[in-house]
Protein chains: 2
Amino acid sequence: MRETLDFLLHDWLNVQQLNARERFSDHSRETFDAVLDTCERIAREKFAPFNRLVDTEEPRFDGERVHLPQATHDALAAYVGSGMLSAAQDDAHGGMQLPCVVEMAANCFFSKASVAMSGYAMLTNGNANLLMAHGTEAQRRVFAMNEFSGRWFGTMCLSEPQAGSSLSDVATRAEPDGADFEADPLGPRYRLTGHKMWISGGEHEITENIVHLVLAKIPGPDGKPLPGTKGISLFIVPKHLVDIDGQLTGERNDVALAGLNHKLGYRGTTNCLLNFGEGRFTPGGQPGAVGYRVGQPGDGLRCMFHMMNEARIGVGLGAVMLGYAGYEASLDYARQRPQGRPMTAAGKDASQPQRPIIEHADVKRMLLAQKSYVEGGLALALFCARLVDELHTAPPEAADGAKLLLEVLIPIAKSWPSEWGLEANSLAIQVLGGYGYTRDFPVEQYWRDNRLNMIHEGTHGIQALDLLGRKVVMDGGRALMALATRVNDTVQRAAQVPGLSEASNELAAALAAVGSTTKKAWSTGVPEEALANATPYLQAFGHTVLAWIWLDVVLSLEAGAVRTAFSAAPTHDDQRREPSAADRPRREDDFAQGKRAAQRYFFAYELPKIHAWLGVVARRESLTREMQDRWF
Amino acid sequence: MRETLDFLLHDWLNVQQLNARERFSDHSRETFDAVLDTCERIAREKFAPFNRLVDTEEPRFDGERVHLPQATHDALAAYVGSGMLSAAQDDAHGGMQLPCVVEMAANCFFSKASVAMSGYAMLTNGNANLLMAHGTEAQRRVFAMNEFSGRWFGTMCLSEPQAGSSLSDVATRAEPDGADFEADPLGPRYRLTGHKMWISGGEHEITENIVHLVLAKIPGPDGKPLPGTKGISLFIVPKHLVDIDGQLTGERNDVALAGLNHKLGYRGTTNCLLNFGEGRFTPGGQPGAVGYRVGQPGDGLRCMFHMMNEARIGVGLGAVMLGYAGYEASLDYARQRPQGRPMTAAGKDASQPQRPIIEHADVKRMLLAQKSYVEGGLALALFCARLVDELHTAPPEAADGAKLLLEVLIPIAKSWPSEWGLEANSLAIQVLGGYGYTRDFPVEQYWRDNRLNMIHEGTHGIQALDLLGRKVVMDGGRALMALATRVNDTVQRAAQVPGLSEASNELAAALAAVGSTTKKAWSTGVPEEALANATPYLQAFGHTVLAWIWLDVVLSLEAGAVRTAFSAAPTHDDQRREPSAADRPRREDDFAQGKRAAQRYFFAYELPKIHAWLGVVARRESLTREMQDRWF
């Protein structure tokens, strides 16, 4: 994977271009490489060897504490020690000022080695980043800083048992805690009561404290919460109360573990039902979970979704890495496992020894499919992370362009790897055959772990509604047009390259099909008609985006003069690649041939699928709306 | 499911037509119903409640014995008590002379309730049936009869650690046991040495003995086994030696459990590595597993594959039933779970209570997909089972026709439900969301259990090679033409029905596409070129077959005069439906509407996928052949 990662970062995404920006000016290829080296080593030594262990030794609750394998404590201590929790933070805050794209690339090693163990760190990072954006100075100092240092870990508490995808039905209440509730130096103080479900990292003893970020509703003057999402506010609810210096006061907050969820996969990450304010503990002598409001009342969702781009890219990247781990495992197996013989016109010669199964066309098909899914998914995720850097550090016009592109790409970056990384894992099992179905090999665990990704952080269906219901129609379709411009740029560059002109035409046709289908879906202006087939639309859109990513990636293997997606980005501070790259000849090595084969696979075997998906969208197929419960 | 089963058996497959044949003349709708009632009840009471238990309490080997939950013993005792093990056997042998199609329909209840527990019975049935076909009178009496009575269970020992899909590489040896080896009343006696892998039911204490059917090679005069499959013979190797009266001699045969496989799913069925002749036991004072040859030397594969039609339909039906179980669980959940509100032009009204998720179009889409996969798969499996009855009891011409159809349908009956039943299970998880990912609900187990089915009893890739490499080209394509004739008959009947003419055209086009693609794949006559894309061909072929099945099924809802696939079967003893059916009006009830919706779903959302699959086959896409190991 490392070679592909380096290639994508440097040859394709021109990451060094970022070093021209002030925030990243202390960085260089060398510092980026050093970060990746460190992460690769820690993941190999502290995470990968224990990935099966954390699956079989599931978190256990003794009524008092949650027990995890020692390996989890050790792995996360090593992660904290690497400084990666605060990698993207300012130097002044102990960070490295690493670009998002490099941070995400480095975190790939951990997700691939053990997605469940690395989950605690990813959540903590997201939590602390959110506080940096929306917290008060005291909240940042007390909570975020202690998370970046790894002293405390964090969670995101959104869902409730009766409200998974429907956040407007959040029923957790937050009442002002006393008349002086606004005078608390840690922020306006409330008492929370309610139940939060699916809370990853919601209980453990890895760190001395856990910082919960909780969505809850503040009742209005009539004592009732506002219906809908408008009444939702955001609160910091620490497991143990702390003072303004970040010291534990010794008082336990009224947050209690109601139960651990026992899952299909991802077992190394605790997943909890938490009761807030049930009176199990009585901080300050009374029941109710003490929480400090972040931002203004009613601003909860806006604050929470501030980090949504990164969170959703992160989920997608986790799905990619599970797929990648399975790809590598099945590739390794296919090279070693003898079985069968080549089919020839004269049949098979049973007197010859069996050949490694990688020589069979169907096994190569399954490996190529995996390669195209996971390397393509990785490229897409890093592309999006690169756009996040644009959003945060590019001049306004370029930042706006990046923002627009992210609007339509984020639903894909989250959903596409969740679906196709899972398919990659299924193919990895298939390559191993019976052995893949046993727990003696890792591929079955990857498949189980990956099944979560279409569910959490916005289900597949929710991503589809977000894409077709909001993103492609917002501002008169500006975001979709921005993407089309980028895709067309790739189409035109590919058209000039011998061997890529056919793919160029195919991508252009796919883009046109997506565009016209979008119009047809909305041609009646009736949301129910357009959105009844949002999921097939998401699938077709995703495959089109991936075809574009693949074509753009292989363009970067051509002679240096051919620009790639990021050198072509209309950014203000766009710098031409260094002359050596511009003079670079077409790459013809094994690595490049592999990339070309994966691109060719994707165009031959995958891209044609979009027409089946788009058909029902374009004609606003009414079957699912007309179907009656009693007919099932 | 019962209503669908009854409908398929009686309204679609005209099963009562079989009662006109001598073998089934004692049967009637009433006797068939009684069998189904009994099986449904036993499955509900003895199997379903313990399906999770046999997953969590995995078989355990204490070095001496394998321990299973008591529930497994009880369930199988109830199964044995039902008489289903010998349901298809002659009255004279204690059987019921049940048609294959009714036997399979009745066994559906067990597979759906617990595919892992029912596995022991299915294997035993297959084993004993094989002995009835190829064993000597003594072998039938001693081994088969004691299996049909449930006193002993049976296994099939084909694979070896180094030879899964490649049976020509079987290395287990069978040497004549003494000069008088041919004089044993139980059959020519050999000593076997070797290792057999993936042996389901290979060890347990459910029954007092286990009858292993083992493929092994008898060395030639030079002491070496013949390369290839020609040298393979078949042997009965009982775990405990028995005498000619079927009594245990008290001597343990030299068959030893080397280890239990710990699997992703299907955990309630033991799966074993067995060592034959390693000297752990010394029957007759010497090492070597005693085995009695079945059939002639070198006839092993022919004998073993005699029951392949039934075995492969059985695997497909198991996959269907796992899909069905998930469909029912997710349908039940979707009707009860409130979440979200209908989207209208005015947006959503958060002040209204949440609605059951079955009201959301995307949830209905996921339920319709499941319905179309599992009910379609069930119809296909029963159709094939009905053909097996034709094969065995119809006059020669009709039997030949059924044989031809089975040639091309068996790879589909096995592979298609394995792939799409699994997809159904994934959709069931998705409908339940986070809850579906927990072990508190059954759907995750169904998904894990079902992942086996693309692997065992001939992998997906093997089925694909069988279909494109042998079945569709054999005898100048006669089998494919026989199928095309049947499909065209359905196409023509559907063309006359208002509301089905479009589907009729779509099916005709799909059939034409499959036909022309078959020709193009083989147009160069080079097997490597044709077969490199055998799996996408299998997928497209499968979807076309299922579209045909669905269209034919819904035709049987039309007025009685419209013939259905089986009334249209060109069988010699074809009897017109009773007048009441012929006069039957078009069904318009909820049941019928549901079937029509599933057919419509399949044609709108699924059938169009075939073009993406066929594209690479038709142009003999060379990518997977050209791909080099070092490029990965």
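Cut-offs used in this document
- Residues numbered from 1 in each chain as written.
- Chains lettered and ligands numbered in written order.
- Predicted model: local features only at pLDDT ≥ 70, side-chain atom pairs only at ≥ 80, totals over all residues.
- Heavy atoms only, no water.
- UniProt positions renumbered as here; feature names shortened; annotations may be inferred.
- Helix = DSSP H or I, 4+ residues; strand = E, 2+ residues; numbered from the N terminus.
- Buried < 20%, exposed > 50% of the residue type's maximum accessible area, 1.4 Å probe, protein only.
- Contact = heavy atoms within 4.5 Å.
- Buried area = accessible area lost by both parts, 1.4 Å probe.
- Salt bridge = Lys/Arg side-chain N within 4 Å of Asp/Glu carboxyl O.
- Polar contact = N/O pair within 3.5 Å; in protein donor to acceptor, adjacent residues only side chain to side chain.
- Least-squares fit on C-alpha atoms with pLDDT ≥ 70 in both.
- Axes fitted to C-alpha atoms, helices over the stretch in contact; angles between N-to-C directions.
- Parallel < 35°, antiparallel > 145°, perpendicular 65-115°, else oblique.
- Left-handed = near helix turned anticlockwise from the far one by under 90°.
- Nonpolar A, V, L, I, M, F, W, Y, C, P; charged D, E, K, R; others polar.
- Core = buried A, V, L, I, M, F, W, Y, C linked by side-chain atoms within 4.5 Å.
- Expected span 1.5 Å × (residues − 1).
- Phe/Tyr/Trp six-rings, centres within 6.5 Å; stacked < 30°, edge-to-face > 60°.
- Lys NZ or Arg CZ within 6 Å of the ring centre and 35° of its normal.

Per an unreviewed UniProt entry, chain A carries the name Acyl-CoA dehydrogenase and comes from Roseateles amylovorans. Per UniProt, chain A carries the Sequence similarities (unreviewed entry) text "Belongs to the acyl-CoA dehydrogenase family." Turning to chain A, the UniProt record has this under Cofactor (unreviewed entry): "FAD".

(A) Quick look at the overall build of chain A. Along the backbone of chain A there are 21 helices and twelve strands. With respect to the principal axes defined by its C-alpha atoms, chain A has extents near 85 × 65 × 60 Å. Expressed as a percentage of the 632 residues in chain A, the buried residues total 64%. Look at the contacts in chain A between residues 6 or more apart in sequence, and 76% of them connect residues 24 or more apart.

(B) Representation of the interface of chain A and chain B within the structure. Listed as interface residues are 94 residues of chain A and, on the opposing side, 94 residues of chain B. Between chain A and chain B, the buried area comes to about 8200 Å², and carbon and sulfur atoms account for 58% of it. The shortest N-O distance in the salt bridge between Arg630 of chain A and Asp590 of chain B comes to 3.1 Å. At the junction of chain A with chain B, the criterion picks out 51 residue pairs in polar contact (both at pLDDT 80 or more). Among the elements that line the side of chain A that touches chain B, the one with the most residues is helix H19 (residues 590–606) of chain A, at eight residues.

(C) Spotlight on the pattern of salt bridges. Under the criterion given, the structure shown has 104 salt bridges over all chains. Where Arg493 of chain B meets Asp489 of chain B, a salt bridge forms, and the shortest distance between an N and an O atom there is 2.9 Å. With Arg493 of chain B and Asp489 of chain B both in helix H14 (residues 478–495) and four residues apart, this pair spans about one turn of that helix. One connected set of salt bridges, linked through shared partners, spans Arg65, Glu203, Glu205, Lys239 and Arg252 of chain A.

(D) Highlighting the relation of the copies chain A and chain B. Once chain A is rotated about the relating axis by 180° and shifted along it by 0.0 Å, it coincides with chain B to within an RMSD of 0.0 Å. Considering both components of the superposition, the chain copies are consistent with a two-fold axis. Residues of chain A ranked by C-alpha distance from the rotation axis are headed by Lys609 of chain A, positioned 3.1 Å from it. The overlap is high: 100% of the interface residues of chain A also sit at the interface in chain B, so the same surface is used on both sides.

(E) Quick peek at unusual backbone geometry. Residue and element names in this part refer to chain A. Unusually for a residue other than glycine, Tyr266 sits at a positive phi of about 55°. Along the polypeptide, Tyr266 turns up in the loop between strand S10 (255–260) and strand S11 (271–276). Judged by its relative accessible area of 11%, Tyr266 is buried. Backbone geometry at Arg620 places phi at a positive 50°, although glycine is not the residue there. A relative accessible area of 22% places Arg620 in the partly exposed class.

(F) Region of the structure containing the packing of helix H17 (residues 534–555) of chain B against helix H20 (residues 610–618) of chain B. All names here are of chain B. Packing of H17 against H20 brings their axes to within 8 Å, and their N-to-C directions diverge by 140°. Taken together, the axes of H17 and H20 are oblique relative to one another. With respect to the hand of their crossing, H17 and H20 are arranged in left-handed fashion. From H17, Pro536, Tyr537, Gln539, Ala540, His543 and Thr544 reach across to H20, where they touch Ile610, Trp613, Leu614, Val616 and Val617. Across the contact of H17 with H20, the residue classes break down as eight nonpolar, three polar and no charged.

(G) Structural view of the side chain of Glu160 of chain A. Residues and elements named next belong to chain A. Tracing the chain through its elements places Glu160 in the loop between strand S3 (152–157) and strand S4 (173–176). Its relative accessible area of 2% is what places Glu160 among the buried residues. A distance of 2.6 Å separates a polar side-chain atom of Glu160 from the backbone nitrogen of Ala171. Of the polar contacts made by the side chain of Glu160, one reaches the side chain of Thr172; its length is 2.6 Å. When near neighbours in sequence (up to four residues on either side) are disregarded, Glu160 contacts Asp169, Val170, Ala171, Thr172, His195, Lys196, Met197 and Leu215.

(H) View of the nonpolar core. If you look at the biggest cluster of nonpolar residues, it comprises 361 residues, and the most contacted ones within it are Phe541 of chain A together with Phe541 of chain B. Beyond its immediate stretch of four places on either side in the chain, Phe541 of chain A contacts Val408, Ile412, Leu467, Val472, Leu480, Leu483 and Val514 of chain A.

(I) How the structure looks around the environment of Ser372 of chain A. Residues and elements named next belong to chain A. Tracing the backbone shows Ser372 in helix H10 (residues 361–393). Judged by relative accessible area, Ser372 falls into the buried class, the value being 0%. Residues Ser372 and Ala547, spaced 175 residues apart in sequence, show a C-alpha to C-alpha distance of 9.7 Å. Beyond its immediate sequence surroundings of up to four residues, Ser372 is in contact with Gly377, Trp550, Ala598, Tyr601 and Phe602. A distance of 3.0 Å separates a polar side-chain atom of Ser372 from the backbone oxygen of Ala369.

(J) Molecular detail of the packing of helix H15 (residues 501–521) of chain A against helix H20 (residues 610–618) of chain A. Residue and element names in this part refer to chain A. Between H15 and H20, whose axes approach to 9 Å, the crossing angle comes to 20°. Classified by the angle their axes make, H15 and H20 are roughly parallel. Seen from above, H15 lies across H20 with left-handed handedness. On the side of H15, the interface is formed by Ala510, Ala513, Val514, Thr517, Lys520 and Ala521, while H20 contributes Ile610, Leu614, Val617 and Ala618. For the contact of H15 with H20, a count of residues per class yields eight nonpolar, one polar and one charged.

(K) Fine view of the UniProt feature "domain: Acyl-CoA dehydrogenase/oxidase C-terminal" (unreviewed entry) in chain A. According to UniProt, the "domain: Acyl-CoA dehydrogenase/oxidase C-terminal" (unreviewed entry) feature falls on residues 298–466 of chain A. Across residues 298–466 of chain A, the secondary structure splits into 70% helix and 0% strand, with the terminal C-alpha atoms separated by 22 Å.

(L) The arrangement of H20 of chain B in detail. Within H20 of chain B, seven of the nine residues are buried, leaving the element largely enclosed by the surrounding structure. Of all the residues in H20 of chain B, the buried ones are Ile610, Ala612, Trp613, Leu614, Val616, Val617 and Ala618 of chain B. In the core, the buried residues of H20 of chain B are packed alongside H19 of chain A together with helix H11 (396–432), helix H13 (460–471), helix H15 (501–521), H17 and helix H19 (590–606) of chain B. Just downstream of H20 of chain B, Arg620 of chain B is the residue with a positive phi angle, here 50°.

(M) Quick peek at helix H6 (residues 115–134) of chain A. Compared with an ideal rise of 1.5 Å per residue, which puts 20 residues at 28 Å, H6 of chain A spans 28 Å between its outermost C-alpha atoms and is within 8% of the ideal. In terms of burial, H6 of chain A is largely enclosed, as 17 of its 20 residues are buried.

(N) A look at the packing of aromatic side chains. Going through the model one piece at a time under the given rule, you end up with 43 aromatic pairs over all chains. Summarising the aromatic geometry, the rings of Phe181 of chain A and Tyr190 of chain A are spaced 5.3 Å apart at their centres and angled 70° between planes, so their arrangement reads as edge-to-face. With a relative accessible area of 16%, Phe181 of chain A lands in the buried category. Judged by centre distance (5.7 Å) and plane angle (50°), the ring pair of Tyr537 of chain B and Phe541 of chain B falls under tilted. Placement of the pair is Tyr537 of chain B and Phe541 of chain B together in helix H17, with a separation of four residues, close to one helical turn. Assessed through its relative accessible area of 2%, Phe541 of chain B is described here as buried. Following the ring pairs from residue to residue traces out a cluster consisting of Tyr373, Trp416, Trp420, Phe602 and Trp613 of chain A. Above the plane of the ring of Phe591 of chain A lies Lys595 of chain A, whose end atom (NZ or CZ) is 4.0 Å from the centre.

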